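Coordinate inspection notes
Chain by chain, the residues:
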2 protein chains.
Amino acid sequence: MNQFKANERKPQGFTVPLEEMLGSIKFNEQGLVPAIAQQHDTREVLMMAWMNLDALKETLATGQVCYWSRSRKGLWRKGESSGQVQKLISLALDCDGDTVLLQVDQTGPACHTGRRHCFFYEVAEDQVQIQGEVLISPEDLYKK
Amino acid sequence: MNQFKANERKPQGFTVPLEEMLGSIKFNEQGLVPAIAQQHDTREVLMMAWMNLDALKETLATGQVCYWSRSRKGLWRKGESSGQVQKLISLALDCDGDTVLLQVDQTGPACHTGRRHCFFYEVAEDQVQIQGEVLISPEDLYKK
């Protein structure tokens, strides 16, 4: 049974066991769902990345956000190379069970370019304009 | 040339023609990119849906958000059946050119369940709890 569809008319405060909901998540053909990270206090949308079931479970278990890296084909513990970790504040699933929304506390820049967030290419009429200062250069972010 | 990669180190305020950026967007195998809709003033994340290039261009041209419906396999002018439209305030692309962030002004509920937003399944320990009141019943939302 799809727990998302089955429970969508239930009232505020209604609960379902987490395991049942996890079993109903609609992962795509690669076994992934998109996960949106939002800074919990400023409510800035920081980035979007992907999670498989293992990444989702690890994130919930450890309270540190873990994605699936499609390029590296492995778990991606956010901040493992840059030091810029995401502490999990809360996690929600959407009505269809195919998207995750993370409320996080982001240390420093979330973006690999050293900017706070990834959405720095803003459309302005017939141009796209960079909006977002580099806080830490990529060389400094990824040096060991 | 990938305009996203090519321009990621440019300073705040730097501009690139929109057409060149649109040509570098990384659509998936179905020709789609995820699009996150955020209410521009409260900064609530309302929903995540998908856009193809036509939907993205129509959204920019009309100022009314248009997605691609994967179930109906057609353009989905948000609110066309429910009346709950999304007015576009601004649109940004991410560092990799594979995700869209929309700042919108949402009329009424964004979710097909009649709730303001789609992320009403919140994880609370080993349970998932419904957080979000139904503002308009689905029967009233979709009646003609």
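Notes on the structure follow. All figures in this text were calculated on a predicted structure; none of them were measured in a lab. Once a new chain begins, its residue numbering starts again from 1 and follows that chain's sequence as written. Key to labels: chains lettered from A, ligands numbered from 1, both in the order written. Only residues with pLDDT of 70 or above have their local features reported here, since the model is predicted, and side-chain atom pairs are shown and tallied only from 80 upward, although totals for entire chains, interfaces and linings are computed over all residues. Values shown for side chains rest on all heavy atoms present in the structure; no hydrogens or waters enter the calculation.

Next up on the list: the overall build of chain A. To qualify as a helix, a DSSP run of H or I must reach at least 4 residues; to qualify as a strand, a run of E must reach at least 2; elements of each kind are numbered from the N terminus. Looking only at helices and strands, chain A has 4 helices and 9 strands in total. Starting at the N terminus, the α and β elements of chain A follow one another as α-β-α-β-β-α-β-β-β-β-β-β-α. Along the three orthogonal principal directions, the C-alpha set of chain A runs to about 50 × 40 × 30 Å. Accessible area is worked out with a 1.4 Å probe on protein chains only. A residue is then buried under 20% of its type maximum, exposed over 50%, and partly exposed in between. For chain A, with 144 residues in total, the buried portion stands at 51%. Taking as baseline every contact in chain A between residues at least 6 positions apart, the subset at least 24 positions apart corresponds to 41%. Within the structure as shown, chain A displays about 6,600 Å² of accessible surface, and the carbon and sulfur contribution to it stands at 50%. Charge counting follows a simple rule: Lys and Arg are positive, Asp and Glu are negative, and His as well as the terminal groups are ignored. Where a charge lies is defined by one atom per residue type, namely NZ (Lys), CZ (Arg), CG (Asp) and CD (Glu). For chain A, the distance from the average site of its 16 positive side-chain charges to the average site of its 19 negative ones is 5 Å. Contacts were defined at the residue level, with two residues in contact if any of their heavy atoms lie within 4.5 Å. Using a 1.4 Å probe, accessible areas were evaluated by the Shrake-Rupley method; residue-level cover was limited to the displayed protein chains.

Here the rule is simple: two strands pair whenever DSSP picks up at least two bridges between them. Pairing between strand β8 (residues 121–124) of chain A and strand β6 (residues 86–93) of chain B: 2 bridges, direction antiparallel. Directly across from A:E122, in β6(B), lies its bridge partner B:A92. With 7 bridges connecting them, β6(B) and strand β7 (residues 100–106) of chain B associate as antiparallel partners. Across the sheet, residue B:A92 finds its bridge partner in β7(B), namely B:L101. Linkage of β6(B) to β7(B), two consecutive antiparallel strands, is achieved through a turn of 6 residues, within which B:G97 is found at a positive phi near 70°.

This next bit is on the nonpolar core. We call a set of buried residues a nonpolar core when its members are Ala, Val, Leu, Ile, Met, Phe, Trp, Tyr or Cys and they connect through side-chain atoms within 4.5 Å of each other. With 66 residues, the main nonpolar core has A:M51, A:Y67, A:L102, B:M51, B:Y67 and B:L102 as its most contacted residues. In this structure, B:L102 is in contact with B:A35, B:I36, B:A37, B:Q38, B:M51, B:V65, B:Y67, B:L88, B:S90 and B:L91, ignoring residues within four places of it in sequence.

Turning our attention to the interface of chain A and chain B. Listed per partner, the contact involves 60 residues of chain A and 60 residues of chain B. Here the buried area means the combined drop in accessible surface, using a 1.4 Å probe, for two parts upon being joined, counting both sides. Buried surface at the junction of chain A and chain B, both sides included, amounts to about 4,900 Å², of which 56% is carbon and sulfur. Area buried by chain A at its contact with chain B is led by A:Q12, A:F119 and A:Y121, which between them contribute 14% of it. A salt bridge links A:R9 to B:E139, with the shortest nitrogen-to-oxygen separation between them at 2.8 Å. We define a polar contact as two N or O atoms separated by no more than 3.5 Å, with the added condition that, inside protein, one atom must be a possible hydrogen donor and the other a possible acceptor, whereas residues neighbouring each other in sequence contribute only through side-chain atom pairs. For the interface between chain A and chain B, the tally reads 40 residue pairs in polar contact (both at pLDDT 80 or more). Three classes are used, and their members are as follows: Ala, Val, Leu, Ile, Met, Phe, Trp, Tyr, Cys and Pro are nonpolar, Asp, Glu, Lys and Arg are charged, and the others, Gly among them, are polar. When grouped by side-chain class, the residues that make up the side of chain A that touches chain B number 28 nonpolar, 15 polar and 17 charged. The pairing of strand β1 (residues 15–17) of chain A with strand β9 (residues 127–130) of chain B spans 3 bridges and is antiparallel. Within the sheet, the bridge partner assigned to A:V16 lies in β9(B) and is B:V128. One speaks of a salt bridge when a side-chain nitrogen belonging to Lys or Arg is within 4 Å of a carboxyl oxygen belonging to Asp or Glu.

Bringing the sheet that holds strand β3 (residues 45–51) of chain A into the picture now. Note on sheets: strands pair through backbone hydrogen bonds, and any given pair is parallel or antiparallel. If you trace the 7 strands from one edge of the open sheet to the other, you get β1(A)-β9(B)-β8(B)-β6(A)-β7(A)-β2(A)-β3(A), paired in mixed fashion. The open sheet has two free edges, formed respectively by β1 and β3 of chain A, since each of these has just one partner strand. With strand direction ignored, the average angle separating the axes of adjacent strands in the sheet is 30°. Two strands pair when backbone bridges link them, and strand β8 (residues 121–124) of chain B and β9(B) are joined in this way by 4 bridges, in the antiparallel orientation. Bridging from a neighbouring strand, B:E122 pairs with B:Q129 of β9(B). Set on the sheet, helix α3 (residues 53–62) of chain A makes contact with β3, β6 (86–93) and β7 (100–106) of chain A together with β8 of chain B; between it and β6(A) the angle comes to about 120°. Angular values range over 0 to 180 degrees, each being the angle between N-to-C directions of two axes fitted as lines to C-alpha atoms, with helices fitted over their stretch in contact.

It is worth spelling out the relation of the copies chain A and chain B at this point. For the pair chain A and chain B, the best superposition has an RMSD of 0.0 Å and corresponds to a rotation of 180° with a translation of 0.0 Å parallel to the axis. Within this description, the copies of the chain are treated as partners about a two-fold rotation axis. Residue A:R43 of chain A places its C-alpha closer to the rotation axis than any other residue of that unit, at 2.9 Å. Copies overlap after least-squares fitting; the atoms used are the C-alpha atoms of residues with pLDDT of at least 70 in both.

Residues and elements named next belong to chain A. For α3, the complete set of buried residues consists of A55, L56, E58 and T59. Considered in projection along α3, the buried side chains sweep an arc of 165° and stay on one side of the axis. The distance from a side-chain oxygen at the start of α3 to the backbone nitrogen of D54 is 3.3 Å, and the residue carrying that oxygen is N52. This arc corresponds to the set of directions leading from the helix axis out to the C-beta atoms.

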